[in-house]
Amino acid sequence: MADEPEELQTLKGSSVGRSPDDATGTPAPAGRSFRGLWKGLKGCGPIQRRLPILRWMRHYDRTDGAADLIAGLTLGLTIIPQSMAYATIAGLPSQYGLYAAFMGSLVYVFLGTVKEVSIGPTSLMALLTYQYTAGRPAEYVVVLAFAAGLVELAMGIGRLGFLVCLISVPVTSAFSSATALIIIGSQLRNLLGLARGSGSGFFGTVLDVTRQLPEASGPDTALGAVCIVGLVALQQLPKVCRTATRWRRTLWYVSLARNALVVLACAIVSFYWTGSPPWRLSGAVEPGIPTFELPTLITSTVGNRTVGFIEMAVELGDGLLLVPLVAILANVAIAKAFASGQAVDATQELIALGLCNIIGSCFRSMPTTGAFTRSAISHASGVRTPLAGLYCALATLLALGVLTPYFYYIPRATLAAVLIAAVAPMLDLPIVARLRRTGSPTDLLAWTVCFGVCLLVSVEVGLLCGMAVSLLEPLRVSIWPRCHCETVHEPRQRFSFRRVRPEHGLLYTSVDRLRTLVLAEVAAAEAAAESSGDDERGYPAPVSIVLDCGRLVALDYSAVQALKDLADEIARLGGTLLLRDVPDRWRHRLALHETEHGLTFAQ
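Residues numbered from 1 in each chain as written. Predicted model: local features only at pLDDT ≥ 70, side-chain atom pairs only at ≥ 80, totals over all residues. Heavy atoms only, no water.

This paragraph deals with the overall build of the chain. Counting secondary structure elements, the chain contains 26 helices and 10 strands. Burial statistics for the chain: of 603 residues in total, 52% are counted as buried. Considering only contacts within the chain whose residues lie at least 6 apart along the sequence, 76% involve residues at least 24 apart. Looking at the chain as shown, the accessible area adds up to about 27200 Å², and 62% of this sits on carbon and sulfur atoms. (Helix = DSSP H or I, 4+ residues; strand = E, 2+ residues; numbered from the N terminus. Buried < 20%, exposed > 50% of the residue type's maximum accessible area, 1.4 Å probe, protein only. Contact = heavy atoms within 4.5 Å. Areas by Shrake-Rupley, 256 points an atom, 1.4 Å probe, with all protein chains shown as cover.)

Structural data, given as structure tokens:
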């Protein structure tokens, strides 16, 4: 997934700051650190492990504070307009995106382990939220966020983060690319000033927009086009100065704040426009943070009936599992990308993400996860610790408390342009050529299936289909293991045998294949013995089969029983099955004993 490469490359070679977990770094002078505040917490290992802020805050100094302040405010200028735009994708009022940005940034300060990660609303979470809550009251979104947080927290406590390994890179790329196209298609109506149509899905939406093109609004279309051009131009602004000068850094900060600058400029124009602006506006945004309320106590009115928490959760169906799974995939992948080569505590990241969603849902937040774009901005801004999220949260709170009356004047076409410019880099179509050159046919098939099903059916079905196809290759290896066969001569004992060396684990899925191969080797050895006797060097034709277990990494009960049955069958045919290089932990399970030529089964 390629996203915001300029932000990552602009400060290449400059100091980004130490990791918040660097316990071996030189401590700051006592007068400029908070070490004394945390002195009594040194022996609280379990607490520090689950509250990482207790580890890195002891070494926090003024330099870290200045760097985090710059990074947090820069991030705030990005997350505010993006969050409002992502809320529109989910079919929600703009303030719901700001609630999610505020709570996600604030909670991750205390629980996060990777300083660059920015938790909040994303295009992916917004699209999945819309898939399951479209046409339903906003309470369903809150319940979805709460349930997703519970699943993420449970997976973290159960150390189930390894499940994301079942999603391959081609599937992730296809899923992200299809999602980007769907989001771009969904924003065409706002970009062109069209009313909401009846089409659903990517192709349905595009066809519906095509039919409505004669009704497109000229002012909305022109404003949207100007905003996209402006965003692209501002993104390329740092390239104007090739040398490392003060002007280049200034242009770089302007580029990072491009979303906020474009939204602010359009809102000012709309505010001072004589009469009513010719383009559609976002409308009123509710100010302030909602009061604390447990999602389990929330009720909603659907038609003439009142729906409680349990009923809403049941209606959300498989979204309760798919939304947190995708969120975990995105967050862990981003954490690994920005971990600077250090190991990522996946368990802690899952716990942090789960609590961000659980606590956020108590303040009417939509589902959240890590955002690659914002994480890249934090990295490029020189972030030192997760405390930068506090300044980002304060900026969001300021927007909710003071600026909401002015959010009314933000044009919808401007927010659509911000979204399109943000998700366009997620399109990774060149990976198809790379998969054809270097990947396996299964990888290319998985990408194609996932991408096509996401566009034709839905993103959740596409992700599951892509995962299923990508699992075909390890399943094939498990069912049809590679085996290397050769004839080996022992000069001292004038003994020869056929060696069969499986390349992978020996499990119940592959025992039938191994049995067929070994019996074929026995039949070939017997035929050679009957026809020619000794070979040209005087060695007797091999009638023994040696199974080399040196490369086996797994063995289950079905394989043990199958090997014993195979040894008996070879013995009845007049041959012998020997095992060599068997790991010590398997010898007792296989009931082996020594012979003059190696290990064999007990008869």
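Picking up where we left off.
Moving on, we come to the pairing of strand S8 (residues 576–580). The sheet contact formed by strand S7 (residues 544–548) and S8 spans 5 bridges and is parallel. Bridge assignment links Leu547 to a residue of S8, and that residue is Leu579. For the crossover that starts at S7, traverses helix H25 (residues 557–572) and ends in the parallel S8, the hand is right-handed. (Pairing = 2+ DSSP bridges. Right-handed = clockwise from strand over helix to strand, strands pointing away.)

Now for the packing of aromatic side chains. A complete count under the given rule lists 12 aromatic pairs for this structure. A ring pair is formed by Phe292 and Phe363, whose centres lie 5.6 Å apart and whose planes are at 70°; its orientation type is edge-to-face. Here Phe292, found in the loop between helix H13 (258–271) and strand S2 (300–302), pairs with Phe363, found in the loop between helix H16 (346–361) and strand S4 (369–370); they are 71 residues apart in sequence, far enough to count as distant. The buried category is assigned to Phe363, whose relative accessible area is 19%. (Phe/Tyr/Trp six-rings, centres within 6.5 Å; stacked < 30°, edge-to-face > 60°.)

This part is about empty space enclosed by the protein. According to the stated counting rule, one finds 3 cavities of 30 Å³ or more in the structure shown. The computed volume of the largest cavity comes to approximately 120 Å³. Leu75, Val117, Ser118, Pro386 and Gly389 are the residues nearest the centre of the largest cavity, which is lined by 17 residues in total. Within the residue set of the lining of the largest cavity, elements represented by two or more residues are helix H4 (62–89), helix H5 (94–111) and helix H18 (388–407). Among the residues forming the lining of the largest cavity, the class breakdown is 11 nonpolar, 4 polar and 2 charged. (1 Å grid on protein atoms, 1.4 Å probe; cavity = no way out; pocket = protein on both sides within 12 Å on 5 of 7 lines; lining within 4 Å. Points joined across faces, edges and corners; volume = space filled by probe spheres on them. Nonpolar A, V, L, I, M, F, W, Y, C, P; charged D, E, K, R; others polar.)

Under the definition given, this model contains 0 disulfides. In this structure Cys227 is not part of a disulfide, and its nearest cysteine sulfur, from Cys266, lies 3.5 Å away. Here Cys227 falls in the buried class, since its relative accessible area comes to 4%. Considering cysteine sulfurs only, Cys454 is the nearest to Cys450, which forms no disulfide, with 4.1 Å between them. Since its relative accessible area comes to 0%, Cys450 is described here as buried. (Disulfide = S-S within 2.5 Å.)

Glancing now at the layout of surface pockets. In this model, the largest pocket occupies a volume close to 870 Å³. If you trace the largest pocket, you find 37 residues lining it, with Thr88, Ile89, Tyr130, Ser186 and Arg196 closest to the centre. Where the lining of the largest pocket is concerned, the elements lending two or more residues are H4, H5, helix H6 (123–133), helix H8 (169–186), helix H9 (188–192), helix H10 (201–211), helix H19 (412–423) and helix H21 (441–456).

Running from N to C, helix H15 (residues 319–337) and H16 cross one another at 130°; their axes reach a closest spacing of 10 Å. It follows that H15 is oblique to H16 by the angle criterion. Every pair of crossing elements has a handedness; the one defined by H15 and H16 is right-handed. Residue-level inspection shows Ala327, Ile328, Asn331, Val332 and Ala335 of H15 in contact with H16, the latter providing Glu349, Leu350 and Leu353. When grouped by side-chain class, the residues that make up the contact of H15 with H16 number 6 nonpolar, 1 polar and 1 charged. (Axes fitted to C-alpha atoms, helices over the stretch in contact; angles between N-to-C directions. Parallel < 35°, antiparallel > 145°, perpendicular 65-115°, else oblique. Left-handed = near helix turned anticlockwise from the far one by under 90°.)

This part is about the side chain of Thr385. As for its position among the elements, Thr385 is in the loop between helix H17 (372–380) and H18. Residue Thr385 is classed as buried on the basis of its relative accessible area of 4%.

A separate point is the pattern of salt bridges. Taken as a whole, this structure holds 11 salt bridges when the rule is applied. The residue Glu311 makes a salt bridge to Arg305 at a minimum N-O spacing of 3.5 Å. Arg305 sits in the partly exposed class, given a relative accessible area of 40%. In this structure, Arg434 and Asp428 form a salt bridge, with 3.5 Å as the shortest nitrogen-oxygen distance. Judged by its relative accessible area of 12%, Asp428 falls in the buried class. Each member of the salt-bridge network shares a partner with another, and the members are Arg136, Arg305, Glu311 and Glu315. (Salt bridge = Lys/Arg side-chain N within 4 Å of Asp/Glu carboxyl O.)

Our next topic: the pairing of S7. Residues in a regular strand point their side chains to alternate faces of the sheet. Of all 5 residues in S7, 5 are buried; the element is thus mostly enclosed. Residues Ser544, Val546 and Asp548 line one face of S7 and the alternating positions Ile545 and Leu547 line the opposite face, and both faces are buried.

Our next topic: H17. Among the 9 residues that make up H17, 9 are buried, leaving the element largely enclosed by the rest of the structure. Buried within H17 we find Phe372, Thr373, Arg374, Ser375, Ala376, Ile377, Ser378, His379 and Ala380. The positive-phi residue at the C-terminal boundary of H17 is Gly382, with phi of around 80°.

This part covers the confidence of the model for the chain. In the predicted model, the chain carries a mean pLDDT of 81, and the fraction of residues at 70 or more is 83%. Here residues 1–34 scores under 50 on pLDDT; set against residues more than four positions off or in separate chains, the count is 67 contacts. (pLDDT = per-residue confidence, 0-100.)

What follows concerns a nonpolar patch on the surface. Side chains of Leu264, Ile268, Phe271, Tyr272, Leu398, Val402, Leu403 and Tyr406 sit close together on the surface and give an oily, nonpolar patch of about 810 Å² of accessible area. Counting residues per element, the ones that place at least two in the nonpolar patch are H13 and H18. The leading source of residues in the nonpolar patch is H18, at 4 residues. Position of Tyr272 among the secondary structure elements: in the loop between H13 and S2. (Patch = residues over 30% accessible without salt bridge, like charges linked within 9 Å, V, L, I, M, F, W, Y side chains within 5 Å.)

This next bit is on the nonpolar core. Residues Leu92, Phe175, Val326, Phe407 and Leu463 are the most contacted members of the largest nonpolar core, which totals 116 residues. Dropping the residues within four chain positions of it, Leu463 is found in contact with Ile167, Val171, Phe175, Leu322, Val326, Cys450 and Cys454. Residues Leu514, Leu519, Ile570 and Leu590 belong to the second largest nonpolar core, which totals 25 residues. (Core = buried A, V, L, I, M, F, W, Y, C linked by side-chain atoms within 4.5 Å.)

In this structure, Gln348 sits in helix H16. The class of Gln348 is buried, set by a relative accessible area of 0%. With 296 residues separating them along the chain, Gln348 and Pro52 place their C-alpha atoms 9.0 Å apart. If we ignore the near neighbours within four places in the chain, the residues touching Gln348 are Arg49, Arg50, Pro52, Leu111 and Thr113. Here the side chain of Gln348 touches Leu111 through a polar contact of 2.9 Å, landing on its backbone oxygen. (Polar contact = N/O pair within 3.5 Å; in protein donor to acceptor, adjacent residues only side chain to side chain.)

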